[in-house]
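Here is how the chains run, residue by residue.
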Amino acid sequence: MGPVVQQGRSEIESGASAAAPELSAPACRNADPGLFFPPYGRQLRHSQVTAAKELCTGCPVQEECLAMAVHADESDGIWGGTTPVERRRMRSQLARMQCGAELARSVVRDEDLQVRPAERPGVVHNLLRMGWNAERIGQTLKLTADQVEEARVAAARAQALHALMERHYPQGWS
Ligand code: SF4
C-alpha cells in the first residue's frame, strides 16, 4: 500500500471508529494511492473514480471507511466508495434531516409554509411519522405524488446514512 492510502486508512485498520473492534484489511491496502487521490491541484478522472469505487464495493471495511470520512468531512479522495462531492451532499442531507422535525411541526401549525426542495425529505419523513398520508402531504406542500415519493425515498436514504453514522459514532458525529 502506498504511503497516502496507508496513512489515510490506518485509522480504519486500527479500529479508530467507535464501533469497529476488529476490522479486516482494507481492499485498497495494496492499491496505488493515485487511484484514490488526484495529483495536487487536479481532479480525479472519471475512470479513476469508477475503478476506485469498484474496489470499495468489495471492501470489508467500506462502512467504517465511509463513516469516518463523513465524520471527518474528508475533502479529498475516494473514501468508502464516495467522492468528496457525494460526501458533502451526504452531510448536507443529514443536516437537513435534523431540521425536518421542526419544519414539519411548522407545516402542521401553518399549512401555507413554503418548504424548499432540499428540505422536502426531512419534512415528508416527519409528516409521515405524524400520521399524515401522502395525499395530504402533497396537497399541503403543493407537491405531485411523484415529488412526495421522491422525497420519501431520499429521506429513507438519509435515514440509512444517519443510522450508519450512529452505529459508528454513537457519541455524535456532526
Ligand atoms: S472502502 Fe475503499 S477507500 Fe475505504 S478502505 Fe475500503 S477500499 Fe479503501
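Each residue is numbered by its place in its chain's sequence as written, counting from 1. Selection of residues for local features in this predicted model requires a pLDDT of at least 70, selection of side-chain atom pairs for listing and counting requires 80 or more, and totals for whole chains, interfaces and linings are taken over all residues. The basis for every side-chain value is the complete set of non-hydrogen atoms in the structure, without hydrogens or water.

## Considering the overall build of the chain
Put simply, the rule is: A run of H or I in DSSP becomes a helix once it reaches four residues, and a run of E becomes a strand once it reaches two; helices and strands are each numbered from the N terminus. Note on classification: 1.4 Å probe, protein chains only; a residue is buried when its accessible area is under 20% of the maximum for its type, exposed when over 50%, partly exposed between these limits. In what follows, a contact means two residues having at least one pair of non-hydrogen atoms within 4.5 Å.
For the chain, the helix and strand inventory stands at seven helices and zero strands. Its helices and strands in sequence order give the chain the pattern α-α-α-α-α-α-α, from N to C terminus. Split into buried and exposed, the 174 residues of the chain put 41% on the buried side. Once local pairs closer than 6 in sequence are excluded, the contacts in the chain between residues at least 24 apart make up 58%.

## Quick look at the packing of aromatic side chains
In plain terms, the rule: Any two rings among Phe, Tyr and Trp, with Trp reduced to its six-membered ring, count as a pair given centres within 6.5 Å; such a pair is stacked if its planes are under 30 degrees apart, edge-to-face if over 60, and tilted if neither. Here, a charge over a ring means that NZ of Lys or CZ of Arg falls within 6 Å of the ring centre while also lying within 35 degrees of the ring normal.
Scanning the model with the defined rule gives one aromatic pair in all. Centroid distance Phe37 to Trp79: 6.1 Å. Interplanar angle 80°. Geometry classified as edge-to-face. Of this pair, Phe37 sits in the loop between α1 (3-13) and α2 (46-57) while Trp79 sits in the loop between α3 (62-72) and α4 (84-109), placing them 42 residues apart in sequence. The ring of Trp132 is capped by Arg136, whose NZ or CZ atom sits 3.7 Å from the centre of that ring.

## Observations regarding the nonpolar core
Selection rule: For the purposes of this section, nonpolar cores are sets of buried Ala, Val, Leu, Ile, Met, Phe, Trp, Tyr and Cys residues that join through side-chain atoms within 4.5 Å. The source of the domain bounds is an automatic or database domain assignment.
Grouped together as the largest cluster of nonpolar side chains are 23 residues, with contacts concentrated most on Phe36, Ile78 and Met165. The element that contributes the greatest number of residues to this core is α3, accounting for six residues. Residue assignment places this core across two domains, with domain 1 (3-82) and domain 2 (88-168) each supplying three or more. The next biggest cluster of nonpolar side chains, apart from the first, holds 13 residues, and it includes Leu127, Trp132, Val148 and Ala151.

## What to know about the pattern of salt bridges
Where we set the bar: Salt-bridge detection follows one rule: a side-chain nitrogen of Lys or Arg within 4 Å of a carboxyl oxygen of Asp or Glu.
Overall, the coordinates contain seven salt bridges when judged by the stated rule. Two residues, Glu102 and Arg105, come together in a salt bridge whose shortest N-O distance is 3.0 Å. Placement of the pair is Glu102 and Arg105 together in helix α4, with a separation of three residues, close to one helical turn. Classification of Glu102 as partly exposed rests on a relative accessible area of 41%. Of the residues examined, Arg105 reaches a relative accessible area of 41% and is grouped as partly exposed. Here Glu149 makes a salt bridge to Arg152, at a shortest N to O gap of 2.8 Å. With Glu149 and Arg152 both in helix α7 (residues 145-168), this residue pair falls three residues apart, about one helical turn.

## Here we look at empty space enclosed by the protein
Spelled out, the test is: Cavity: a set of points on a 1 Å grid over the protein atoms alone where a 1.4 Å probe fits but cannot get out. Pocket: an open set with protein on both sides within 12 Å along at least five of seven lines, its lining residues, like those of a cavity, having an atom within 4 Å of a point. Grid points are joined across faces, edges and corners, and a volume is the space filled by probe spheres set on the points. Note on residue categories: nonpolar means Ala, Val, Leu, Ile, Met, Phe, Trp, Tyr, Cys or Pro, charged means Asp, Glu, Lys or Arg, and polar means any other residue, Gly included.
Within this structure, the stated rule accounts for two cavities of 30 Å³ or more. Of the voids in this model, the largest cavity is the one considered here, and its volume is about 80 Å³. Those elements that place two or more of their residues in the lining of the largest cavity are α2 and α3. Residues that form the lining of the largest cavity fall into these classes: nine nonpolar, two polar and one charged.

## Focus on the layout of surface pockets
Of the voids in this model, the largest pocket is the one considered here, and its volume is about 280 Å³. Taken together, 15 residues form the lining of the largest pocket, with Pro38, Arg42, Gln43, Leu44 and Pro84 sitting closest to its centre. At three residues, α4 tops the list of elements feeding residues into the lining of the largest pocket. Among the residues forming the lining of the largest pocket, the class breakdown is seven nonpolar, five polar and three charged.

Read these as layout, nothing more, since geometry by itself doesn't imply function.
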